Amino acid sequence: MTSRWTSFTRWVLLTGDRRAVAAALLAAFAVLFGPVGHLITLGGGGHETTVPLVTTLLSGNFVLVSIVVSVNSVFVSGEQSPLGQQFGRIRDTAEFRRQLESVVEADHVPADPEGFLQVLTGDIVERGQRLEDDVPPADIDVRADLDAYLDRLGAASGDMNARLQDVERPLEAVLATMHFDYARQVADLQRLRAEHGDDLPETAATTLEEMLDLLEYFAVARAYFKSLYLRREFAGLSTNLVYVAVPSIAAVSFFLLHFSQLPSTHALVVAVHVVALAPFALLSAYVVRVAAISRRTESPGHFVFGDGEPGVPGVSSP
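Calculation criteria
- Residues numbered from 1 in each chain as written.
- Predicted model: local features only at pLDDT ≥ 70, side-chain atom pairs only at ≥ 80, totals over all residues.
- Heavy atoms only, no water.
- pLDDT = per-residue confidence, 0-100.
- Helix = DSSP H or I, 4+ residues; strand = E, 2+ residues; numbered from the N terminus.
- Contact = heavy atoms within 4.5 Å.
- 1 Å grid on protein atoms, 1.4 Å probe; cavity = no way out; pocket = protein on both sides within 12 Å on 5 of 7 lines; lining within 4 Å.
- Points joined across faces, edges and corners; volume = space filled by probe spheres on them.
- Nonpolar A, V, L, I, M, F, W, Y, C, P; charged D, E, K, R; others polar.
- Phe/Tyr/Trp six-rings, centres within 6.5 Å; stacked < 30°, edge-to-face > 60°.
- Buried < 20%, exposed > 50% of the residue type's maximum accessible area, 1.4 Å probe, protein only.
- Axes fitted to C-alpha atoms, helices over the stretch in contact; angles between N-to-C directions.
- Parallel < 35°, antiparallel > 145°, perpendicular 65-115°, else oblique.
- Left-handed = near helix turned anticlockwise from the far one by under 90°.
- Core = buried A, V, L, I, M, F, W, Y, C linked by side-chain atoms within 4.5 Å.
- Salt bridge = Lys/Arg side-chain N within 4 Å of Asp/Glu carboxyl O.
- Expected span 1.5 Å × (residues − 1).
- Bend = angle between axes of the 7 residues up to and from the residue.

### Details of the confidence of the model for the protein
Piece 1. This prediction gives the protein a mean pLDDT of 82; 88% of its residues lie at or above 70.
Piece 2. Element-level mean pLDDT values for the protein span from 80 in helix α3 (residues 50-79) up to 90 in helix α10 (residues 266-296).
Piece 3. Across residues 307-318, confidence stays below pLDDT 50; counting only partners more than four residues off in sequence or on other chains, it has 31 contacts.

So this is what it looks like as structure tokens:
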């Protein structure tokens, strides 16, 4: 039962199509307003509040449409930056790739997020193994702490790479990176350096610094891929909100115009309320996913936040 609830919650918060999540929410509203409401009121009144409530929801839908226009304006204005700014952005991206290729000693790193991340984490793990080889077996304390760290690193990398195997959408790549606790990896490496830095051979100390650099590259890449995903998510929200809000406004307006000629049945009132709430349900579905992903992929730098709050179901907390 717990596993099913976790899967359902993860679907609602992260993996589910936002239109399907909104439809599920509307279905819950229909059950709440329909059969449940009919039982509570014993089939009686409440119709005198229908017109004021539906009118309020109609006004809210117009506000949502204005939000769509504002969001689209922000995206359009962001894309209309001067030529020099556009060139600078592209050059920064190319320079980042060149620097990483130099660090990992590769002629080319993949352009797709999943391939890029797999190469990056693979090189981190490889240097971790090299670090283990550089530490003499006689340094028992150092090797014990290092082995414990490498076990956590291998588990996090393996879990993320397994999730990257079947990536088809940018969202899936972002969700996969949520399982790689970058901040804790950096904190653990820095603790190793602080506690055993004097005991490490020069080659091991160099390898450790390279691993820290690669983890910073990972953090930058994850933040960049998340920003690309968020732009697409808000663009999808704007488009879908228009598709939902316009028919909703038309249906609710028709109901208000012809309310006196329509049969005042409980089913009709429930249907109108559900249709009026459709844009709000869609907006809620998008907002909860953006909030969940933003919370789980925040970049605290070299700090680890342990706020004691429960994480997203199915996602280990960093």
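Next, the rest of the story.
### Notes on empty space enclosed by the protein
Piece 1. All chains considered together, the criterion is met by two cavities of 30 Å³ or more.
Piece 2. Estimates place the volume of the largest cavity at around 40 Å³.
Piece 3. As for the largest cavity, its lining consists of Leu131, Val142, Leu146, Leu192, Leu200 and Leu208.
Piece 4. In terms of residue class, the lining of the largest cavity is made up of six nonpolar, no polar and no charged.
Piece 5. In this structure, the second largest cavity occupies an estimated 30 Å³ of space.
Piece 6. Every residue lining the second largest cavity is listed: Pro113, Leu117, Ala173, Val174, Thr177, Arg222, Phe225 and Lys226.
Piece 7. Looking at side-chain class alone, the lining of the second largest cavity contains five nonpolar, one polar and two charged residues.

### Description of unusual backbone geometry
Piece 1. The phi angle at Glu105 is positive, at roughly 55°, despite the residue not being glycine.
Piece 2. When you line up the elements, Glu105 lands in the loop between α4 (83-104) and α5 (113-134).

### A closer look at the packing of aromatic side chains
The geometry of an aromatic ring pair comes down to the distance between the two centres and the angle between the two planes.
Piece 1. Scanning all chains against the criterion turns up nine aromatic pairs.
Piece 2. Ring geometry for Phe116 against Phe225: centres 5.9 Å apart, planes inclined by 90°, an arrangement best described as edge-to-face. A residue pair is termed long-range when its members are at least 10 positions apart, and Phe116 in helix α5 and Phe225 in helix α9 (residues 202-257) qualify at 109 residues. Across the pair, exposure class does not vary: Phe116 and Phe225 are buried alike.
Piece 3. Here a set of aromatic residues connected by ring pairs shows up, and it is made of Phe96, Phe116, Tyr217, Tyr224 and Phe225.

### Thoughts on the packing of α5 against α9
Piece 1. It is at 9 Å that the axes of α5 and α9 come closest, and there the two elements cross at 165°. Accordingly, the angle class assigned to the pair α5 and α9 is roughly antiparallel. The handedness of the crossing between α5 and α9 is left-handed. Every residue of α9 that contacts α5 at Pro113, Phe116, Leu117, Leu120, Thr121, Asp123, Ile124, Arg127, Gly128, Arg130, Leu131 and Asp134 is listed here: Thr203, Ala204, Thr207, Leu208, Glu210, Met211, Leu214, Leu215, Tyr217, Phe218, Ala221 and Phe225.

### Notes on the environment of Val68
Piece 1. Tracing the backbone through its elements, the reader meets Val68 in helix α3.
Piece 2. When the C-alpha positions of Val68 and Phe234 are compared, they lie 9.4 Å apart, and in sequence the two are 166 residues distant.
Piece 3. Non-local contacts of Val68, meaning those with residues more than four positions away in its chain, are made with Ser238, Leu241 and Val242.

### Observations concerning the nonpolar core
Piece 1. Membership of the largest hydrophobic core comes to 39 residues, with the highest contact counts inside it found for Phe116, Tyr149, Phe180, Tyr182, Leu189 and Leu215.
Piece 2. A total of eleven residues in this core trace back to one element, the largest contributor, which is α9.
Piece 3. In terms of nonpolar packing, the next biggest core, distinct from the first, is built from 23 residues, Leu64, Val274, Ala281 and Ala285 among them.

### Some details on the pattern of salt bridges
Piece 1. Applying the stated rule across the entire model yields eleven salt bridges.
Piece 2. For the salt bridge of Asp159 with Arg163, the shortest nitrogen-to-oxygen distance reads 3.2 Å. Residue Asp159 and its partner Arg163 are located together in helix α6 (residues 140-164), separated by four residues, close to a single helical turn.
Piece 3. By relative accessible area, which is 35% here, Arg163 ends up partly exposed.

### Comments concerning α10
Piece 1. Over its 31 residues, α10 extends 43 Å from the first C-alpha to the last, a length consistent with the 45 Å expected when each residue adds 1.5 Å.
Piece 2. At Ala278, α10 shows its largest bend, some 40°, and a proline, Pro279, comes one to four positions later.

### Some words on the side chain of Glu233
Piece 1. By secondary structure assignment, the location of Glu233 is in helix α9.
Piece 2. The buried category is assigned to Glu233, whose relative accessible area is 8%.
Piece 3. If sequence neighbours within four positions are ignored, Glu233 has contacts with Arg18, Tyr286, Arg289 and Val290.

### Examining the packing of helix α7 (residues 170-177) against α9
Piece 1. Viewed as axis vectors pointing N to C, α7 and α9 meet at an angle of 145°, and their least axial separation amounts to 9 Å. In the packing of α7 onto α9, the handedness of the crossing is left-handed. In this structure, α7 uses Pro170, Leu171, Val174 and Thr177 to contact α9, whose residues at the interface are Phe218, Arg222, Phe225, Lys226, Tyr229 and Arg232.
Piece 2. Classifying every residue of the contact of α7 with α9 by side-chain character gives six nonpolar, one polar and three charged.

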